[in-house]
Amino acid sequence: MAFVITSPCKDEKAAECMDVCPVDCIEEGKDMFYIDPAICIDCGACEAVCPVEAIYIEDEVPEEETPYIEINRKFFEEQQ
């Protein structure tokens, strides 16, 4: 179960998450960052440093932010 970046990241893109990720699973998109679930090791380092509290473990994404689970998945499907 990977972490998911949600709407507070949109247009914020603070990038602390990228700096601390030990496996480089976070990629920059046009207006926000995305976590590759195939690479994420669920360490939580990104969640702890996010200044806008945009990162959640997938099972704990707030209901109003659940569309970002699919947005994240589609981002990586389009990369292939």
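What counts as what
- Residues numbered from 1 in each chain as written.
- Predicted model: local features only at pLDDT ≥ 70, side-chain atom pairs only at ≥ 80, totals over all residues.
- Heavy atoms only, no water.
- Helix = DSSP H or I, 4+ residues; strand = E, 2+ residues; numbered from the N terminus.
- Rg over C-alpha atoms; globule rule 2.2 N^0.38 Å.
- Buried < 20%, exposed > 50% of the residue type's maximum accessible area, 1.4 Å probe, protein only.
- Contact = heavy atoms within 4.5 Å.
- Areas by Shrake-Rupley, 256 points an atom, 1.4 Å probe, with all protein chains shown as cover.
- Lys, Arg positive; Asp, Glu negative; His and termini not counted.
- Salt bridge = Lys/Arg side-chain N within 4 Å of Asp/Glu carboxyl O.
- Polar contact = N/O pair within 3.5 Å; in protein donor to acceptor, adjacent residues only side chain to side chain.

Student: Lay out the overall build of the chain in plain terms, naming residues and giving numbers.
Tutor: Secondary structure assignment for the chain yields three helices and four strands. The order of α-helices and β-strands along the chain, N terminus first, is β-α-β-β-α-β-α. Here the C-alpha radius of gyration of the chain, 11 Å, is about what a compact globule of 80 residues would show, namely 12 Å. Taken along the three principal axes of its C-alpha coordinates, the chain extends 30 × 25 × 25 Å. In the chain, buried positions account for 38% of the 80 residues. Considering only residue pairs separated by 6 or more positions, the chain has 65% of its internal contacts joining residues 24 or more positions apart. Carbon and sulfur atoms provide 46% of the accessible area of the chain, an area that totals close to 4,800 Å².

Student: Residue-level account of the side chain of E65, with values.
Tutor: Structurally, E65 can be placed in the loop between strand 4 (55-57) and helix 3 (67-79). The buried charged residue E65 lacks any salt bridge partner; its closest oppositely charged side chain belongs to K10, at an N-O distance of 10 Å. A polar side-chain atom of E65 sits 2.7 Å from a polar atom in the side chain of S7. Apart from the residues lying within four places of it in its own chain, the contact partners of E65 are T6, S7 and P8.

Student: Can you explain unusual backbone geometry? Please cite residues and give values.
Tutor: Phi at K13 takes a positive value of approximately 45°, unusual for a residue other than glycine. Relative to the helices and strands, K13 is located in the loop between strand 1 (3-5) and helix 1 (16-20). Its identity is not glycine, yet A15 carries a phi of approximately 75°, on the positive side. Its location among the elements puts A15 in the loop between strand 1 and helix 1. For A15, a relative accessible area of 22% translates into the label partly exposed.

So far we have only geometry, and geometry alone does not tell us how the molecule works.
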